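Spelled out from the first residue to the last, the chains are:
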Amino acid sequence: MRSWVRGQWIPFDANALVLKEDQECEFSQRRNRADGFDEEAIAQLLCAPSQDFAQTAIGRRVRIMRTSMTTLT
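Position numbers for residues count from 1 along each chain, tracking the sequence in the order it is written. Local features in a predicted model are, by the rule used here, given only for residues with pLDDT of at least 70; side-chain atom pairs are given and counted only at 80 or more, and totals for whole chains, interfaces and linings are based on all residues. Calculation of side-chain values draws on the structure's entire complement of heavy atoms; hydrogens and water are dropped beforehand.

Trainee: How do you make sense of the pairing of strand S2 (residues 8-11) when you look at a structure like this?
Mentor: Strand residues, when the strand is regular, have side chains that alternate between the two faces of the sheet. Pairing analysis gives four bridges linking strand S1 (residues 2-5) to S2, with the strands arranged antiparallel. In the strand pairing of S2, Ser3 is matched with Ile10. Each pair of strands is called paired provided DSSP finds at least two bridges between the two strands. Only runs of H or I of at least four residues qualify as helices and only runs of E of at least two qualify as strands under DSSP, and these elements are numbered from the N terminus. The hairpin formed by S1 and S2 contains two residues between the paired strands, and Arg6 there has a positive phi angle of roughly 45 degrees.

Trainee: Could you clarify how one ought to interpret a nonpolar patch on the surface in this entry?
Mentor: Patches here are clusters of residues that have more than 30% relative accessible area and form no salt bridge, with a 9 Å joining cutoff for like charges and a 5 Å cutoff for nonpolar side chains (Val, Leu, Ile, Met, Phe, Trp, Tyr). Here the Shrake-Rupley method, with its probe set to 1.4 Å, supplies the accessible areas, and only the displayed protein chains count as covering residues. Criterion for a salt bridge: a side-chain nitrogen of Lys or Arg within 4 Å of a carboxyl oxygen of Asp or Glu. On the surface, Met1, Phe12 and Leu17 cluster together to form a nonpolar patch covering roughly 350 Å² of accessible area. Here Leu17 shows up in helix H1 (residues 14-17).

Trainee: I would appreciate a short explanation of the environment of Arg66 in the present structure.
Mentor: Along the polypeptide, Arg66 turns up in the segment after strand S4 (61-63). The buried label goes to any residue with under 20% of its type's maximum accessible area, the exposed label to any with over 50%, and the partly exposed label to all in between, with areas taken from a 1.4 Å probe on protein chains only. Looking at Arg66, the relative accessible area reads 75%, which means it is exposed.

Written out as structure tokens, the structure reads:
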């Protein structure tokens, strides 16, 4: 399986998506960098008042639920 993106074919089969044991995906690498995503700014922009990201059991922010978003979002 592959998709045409910005003038080149990008594979997305199981072999293309598997990471090595100590390897992180690009999203994880960016999230862990100091200049990565500004989660506070994202929450202020997308969430309704007093709402925030859903969190895992250990407190890591994972996603914003649809019911927590503003109407415009």
